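# Inside the fold
Chain residues, written in single-letter form:
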Amino acid sequence: MITLDDGALIRRLVKEGVPTSRIARDLGISRTTVVKAAASTTPPKYERKPQATAFDPYEQAVRRLLKETPFDALNGHR
């Protein structure tokens, strides 16, 4: 994953004629990443796919219990 600054730097260096392999070596990224960043017209972004967690099977029950439990029953805590 490259940063927004790296993406701008890559596009500038490519425009100046710096070889892709040199840019990749200097930034410590692959040549493929340099080519994709240079061809991109939008800033780099990262979106994580939603994943199930170990808590998911219990979430609804916990939310229901929290909603049903009065504040006083927790001895003043919550």
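Quick notes on the rules
- Residues numbered from 1 in each chain as written.
- Predicted model: local features only at pLDDT ≥ 70, side-chain atom pairs only at ≥ 80, totals over all residues.
- Heavy atoms only, no water.
- Helix = DSSP H or I, 4+ residues; strand = E, 2+ residues; numbered from the N terminus.
- Buried < 20%, exposed > 50% of the residue type's maximum accessible area, 1.4 Å probe, protein only.
- Contact = heavy atoms within 4.5 Å.
- Areas by Shrake-Rupley, 256 points an atom, 1.4 Å probe, with all protein chains shown as cover.
- Patch = residues over 30% accessible without salt bridge, like charges linked within 9 Å, V, L, I, M, F, W, Y side chains within 5 Å.
- Salt bridge = Lys/Arg side-chain N within 4 Å of Asp/Glu carboxyl O.
- Axes fitted to C-alpha atoms, helices over the stretch in contact; angles between N-to-C directions.
- Parallel < 35°, antiparallel > 145°, perpendicular 65-115°, else oblique.
- Nonpolar A, V, L, I, M, F, W, Y, C, P; charged D, E, K, R; others polar.
- 1 Å grid on protein atoms, 1.4 Å probe; cavity = no way out; pocket = protein on both sides within 12 Å on 5 of 7 lines; lining within 4 Å.
- Points joined across faces, edges and corners; volume = space filled by probe spheres on them.

### Observations regarding the overall build of the chain
Each helix and strand counted, the chain has four helices and zero strands in total. Listing the helices and strands of the chain from first to last along the sequence gives α-α-α-α. The buried share of the chain, reckoned over its 78 residues, is 10%. Considering only intrachain contacts with a sequence separation of at least 6, the fraction spanning at least 24 residues in the chain is 44%. As displayed, the chain has an accessible area near 6800 Å², and 55% of this comes from carbon and sulfur atoms.

### Thoughts on a nonpolar patch on the surface
Together, Phe55, Tyr58, Val62 and Leu66 make up a nonpolar patch on the protein surface, roughly 380 Å² of accessible area in all. With respect to the helices, strands and loops of the structure, Phe55 is situated in the loop between helix H3 (31–39) and helix H4 (56–68). We classify Phe55 as partly exposed; its relative accessible area is 42%.

### Quick notes on the packing of helix H1 (residues 4–15) against H3
How two helices pack is summed up by the angle between their axes together with the distance between the axes. Remark: H1 packs on H3, axes separated minimally by 8 Å, with the N-to-C direction vectors making an angle of 90°. Overall, the two elements H1 and H3 adopt an arrangement that is roughly perpendicular. Contact residues: H1 offers Ile10, Arg11 and Val14, while H3 offers Val34, Ala37 and Ala38. Among the residues making up the contact of H1 with H3, the classes are represented as five nonpolar, no polar and one charged.

### Observations regarding the layout of surface pockets
Any empty space left between the atoms is revealed when a probe the size of a water molecule rolls over them. Put simply, the largest pocket is a space of about 240 Å³. Met1, Ile2, Arg11, Thr32, Thr33, Lys36, Ala37, Ser40, Thr42, Pro43, Pro44 and Lys45 are the residues that line the largest pocket. The dominant element in the lining of the largest pocket, judged by the number of residues it contributes, is H3, at four residues.

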